[in-house]
Amino acid sequence: MARAKAKAPRPMPPRSATRRLLGYCGLSCAAAAYVGIDYLRYLSPTWHERLQPVLWAALALAAAGRAPFYRHWDAELRAALPFLGAIVFMLSAFLCEMISVRFVSAVMGLQWHGSAAPLPDTGQWLLLALNEKLPASVVDLLRAHVITLHHYLMLFMMLGFSVLFDCIKAPGLGIATRYMVTMAIADVQSYPGEHRPDWGRMSFLVDILRPTPGEGPQWYHLLKKASGGCNDLMYSGHMLVSVLTAMAWTEAYGGWISVAIWLLVLHSAQREIRERHHYTVDCVVAIYVGILLWRMTRFIWSARDASRARRLAKLEEVQGRLIHAAKDSDIDEIRDLLKEVELAGHEKKGFSQRAILAFAAATIMFTLTCVVLALTLTSDG
């Protein structure tokens with residue numbers, strides 16, 4: 001019997017020089033550098049003050065320099081409305097949570113959990129017992145605040161902006177929409193101490209509204225009151241955000257940096273338990289919920305190539321006509337059918353070039369303004 005011919009290796013899609021460069025070192029090293037430089041605030045505050053502005057400036061200039069050459073602004077424009085809808089949905093979720101928690105707090109108060117005895121937690125007992133078994137250097141590493149909540153949010157921002165360099169699938173606003181929709185149920189604010197002002201005849205509203213010292217009339221202060229007490233414990237909002245960030249990196253980018261982020265998620269979980277910010281079940285449930293929610297919202301944005309599926313569907317549709325054209329040796333018909341298949345994978349451009357350029361310019365200016373304000377009005381960006 002004749003031996004079967006070995007199958008030819010499957011060709012890999014070509015990658016641009018920019019994508020190869022960033023794929024191997026750029027984005028991964030930028031993420032690692034961000035976490036490492038920010039941790040220098042504990043090891044060497046002087047070097048932290050020197051290096052952090054340099055890193056922020058380099059990232060901002062790289063994004064601004066690449067933005068004019070970005071080829072998918074039309075896709076970003078199509079994703080703008082769902083993105084704005086996700087913001088409204090997230091704020092609405094916080095508002096509903098605030099209303100529910102306010103009525104619960106009117107009965108329970110804000111400090112009831114401060115005097116209640118903690119429940120036994122086997123996970124914490126295990127971690128504390130390991131302090132006596134592990135080397136002191138390992139215990140110090142487990143206790144170290146290597147990464148916190150704002151790091152995970154910033155890591156996702158870096159992932160989203162990497163779409164400018166073709167590191168992830170466009171549109172970047174698509175993955176941002178998916179992230180905010182899944183994060184709408186997470187609330188990571190902290191509750192301040194209880195405060196009872198004198199509102200005269202309207203003081204009966206204090207038990208419902210519960211304002212805090214120094215609070216102004218701004219609308220966003222309402223959102224701050226949606227957390228604290230048992231509503232912010234089961235499950236852990238901090239862990240949910242970290243898991244969503246790790247899931248986004250794993251699906252959109254992959255590589256060793258995604259493995260490192262998952263290790264940081266586990267480090268954050270054990271630290272939350274060790275320091276009794278949460279019980280073990282709070283962190284475990286948050287990990288399961290984060291993974292489940294991210295997989296459930298795949299319809300919003302996915303790293304899979306949808307254009308390939310459209311081309312295959314079109315090819316299946318014209319398959320009969322293509323066979324007949326091949327039998328009739330009708331080269332022109334075959335060429336037209338293959339052109340239809342190729343065009344089926346392209347996104348329909350429903351916007352004028354002027355609208356796309358205006359949207360790109362507005363997005364760049366808005367983003368740079370936010371970056372400048374973040375770096376000048378906050379201590380760590």
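Note that the coordinates shown come from a computational prediction; the quantities given were computed from them, not determined experimentally. (Residues numbered from 1 in each chain as written. Predicted model: local features only at pLDDT ≥ 70, side-chain atom pairs only at ≥ 80, totals over all residues. Heavy atoms only, no water.)

J.: Help me understand the overall build of the chain, please; the structure alone is not making it clear to me.
T.: Along its length, the chain carries 18 helices and 0 strands. Buried residues in the chain amount to 38% of all 381 residues. Relative to all contacts within the chain whose residues are 6 or more apart in sequence, the contacts with residues 24 or more apart total 78%. Just so you have it, the chain exposes about 23,000 Å², and 67% of that area is on carbon and sulfur atoms. (Helix = DSSP H or I, 4+ residues; strand = E, 2+ residues; numbered from the N terminus. Buried < 20%, exposed > 50% of the residue type's maximum accessible area, 1.4 Å probe, protein only. Contact = heavy atoms within 4.5 Å. Areas by Shrake-Rupley, 256 points an atom, 1.4 Å probe, with all protein chains shown as cover.)

J.: I would appreciate a short explanation of the nonpolar core in the present structure.
T.: Soluble globular proteins tend to bury their nonpolar side chains together. Judged by nonpolar contacts, the single largest core of 69 residues is most densely connected at W73, L155, L159, I175 and W249. When residues in this core are grouped by element, the largest group, 10 residues, is from helix α12 (residues 237-252). In this view, W73 contacts A67, I356, F359, A360, T363 and I364; residues no more than four positions away in its chain are not counted. (Core = buried A, V, L, I, M, F, W, Y, C linked by side-chain atoms within 4.5 Å.)

J.: Can you help me understand the environment of S242 in this one?
T.: As for its placement among the helices and strands, S242 is situated in helix α12. Along the chain, S242 and L266 lie 24 residues apart, while their C-alpha atoms are 9.5 Å from each other.

J.: Where do I start with the packing of aromatic side chains in this structure?
T.: A ring pair, where both rings are aromatic, is described by two values, the distance of the centres and the angle of the planes. Scanning the entire structure with this criterion turns up 6 aromatic pairs. Ring centres 3.7 Å apart and planes at 10 degrees place the aromatic pair F156 and Y179 in the stacked group. Taken as a pair, F156 in helix α8 (residues 149-161) and Y179 in helix α9 (residues 172-183) lie far apart in primary sequence, 23 residues in all. The pair F156 / Y179 is uniform in exposure class, with both members buried. (Phe/Tyr/Trp six-rings, centres within 6.5 Å; stacked < 30°, edge-to-face > 60°.)

J.: Would you take a moment to explain the pattern of salt bridges for this structure?
T.: Here the idea is simple: oppositely charged side chains can pair when their charged atoms come close. Following the criterion strictly, the structure yields 6 salt bridges and no others. For R41, the salt bridge goes to D38, with nearest N and O atoms at 2.7 Å. Placement of both R41 and D38 in helix α1 (residues 17-43) is noted, with a separation of 3 residues, approximately one turn of the helix. What makes R41 partly exposed here is its relative accessible area of 27%. Residue D332 is joined to R335 by a salt bridge in which the shortest nitrogen-to-oxygen separation is 3.0 Å. Of this pair, D332 and R335 both sit in helix α17 (residues 331-344), 3 residues apart, which is roughly one turn of the helix. Because the salt bridges share partners, they merge into one network encompassing R66, R71 and D166. (Salt bridge = Lys/Arg side-chain N within 4 Å of Asp/Glu carboxyl O.)

J.: Would you explain a nonpolar patch on the surface in this entry?
T.: Together, V259, L263 and L266 give the surface a local cluster of nonpolar side chains, amounting to about 300 Å² of exposed area. Secondary-structure assignment places L263 in helix α13 (residues 255-274). (Patch = residues over 30% accessible without salt bridge, like charges linked within 9 Å, V, L, I, M, F, W, Y side chains within 5 Å.)

J.: Please explain the confidence of the model for the chain as it appears in this structure.
T.: Any residue range with low pLDDT should be treated as having predicted coordinates unsuitable for detailed reading. Of the residues in the chain, 70% have a pLDDT of 70 or more, and the chain-wide mean is 76. A low-confidence stretch, residues 1-18 (pLDDT under 50), is modelled with 6 contacts involving residues beyond four sequence positions or located in other chains. (pLDDT = per-residue confidence, 0-100.)

J.: What is the right way to read the packing of α8 against α12 from this model?
T.: For any two helices packed against each other, one specifies the inter-axial angle together with the distance between the axes. Between α8 and α12, the least distance of the axes is 9 Å, while the angle of their chain directions is 25 degrees. Relative to α12, α8 is oriented roughly parallel. Handedness of the α8/α12 crossing: left-handed. Along its contact with α8, which presents L149, Y152, L153, L155, F156 and L159, the element α12 presents H238, V241, S242, T245, A248, W249 and A252. When its residues are assigned to classes, the contact of α8 with α12 shows 10 nonpolar, 3 polar and no charged. (Axes fitted to C-alpha atoms, helices over the stretch in contact; angles between N-to-C directions. Parallel < 35°, antiparallel > 145°, perpendicular 65-115°, else oblique. Left-handed = near helix turned anticlockwise from the far one by under 90°. Nonpolar A, V, L, I, M, F, W, Y, C, P; charged D, E, K, R; others polar.)

J.: Is there a simple way to explain the packing of α12 against α13 in this structure?
T.: Two elements in contact, α12 and α13, have axes separated by 9 Å at closest approach and are oriented at 170 degrees. As far as their axial angle goes, α13 and α12 are roughly antiparallel. Contact residues: M239, S242, V243, A246, M247, W249 and T250 in α12; I257, S258, I261, W262, V265, S268, A269 and E272 in α13. In terms of residue class, the contact of α12 with α13 is made up of 10 nonpolar, 4 polar and 1 charged.

J.: Help me understand the side chain of S268, please; the structure alone is not making it clear to me.
T.: Tracing the chain through its elements places S268 in helix α13. There is a polar contact of 2.7 Å between the side chain of S268 and the side chain of Y152. If near-sequence neighbours (up to four positions away) are discounted, S268 is found in contact with I147, Y152 and M239. (Polar contact = N/O pair within 3.5 Å; in protein donor to acceptor, adjacent residues only side chain to side chain.)

J.: Sorry if this is basic, but what is going on with unusual backbone geometry here?
T.: The general pattern is negative phi for most residues beyond glycine and trans for most peptide bonds. Of the consecutive residues A170 and P171, the connecting peptide bond is found in the cis state with omega at 5 degrees. Assignment of secondary structure puts P171 in the loop between α8 and α9. The backbone phi angle of D166 is positive, close to 60 degrees, even though this residue is not glycine. Tracing the backbone shows D166 in the loop between α8 and α9. In this structure D166 comes out as buried when scored by relative accessible area, which is 13%. Backbone geometry places R276, a non-glycine residue, at a positive phi of 55 degrees. Relative to the elements of secondary structure, R276 occurs in the loop between α13 and α14 (280-296). Take R276: its relative accessible area is 34%, and that puts it in the partly exposed class.

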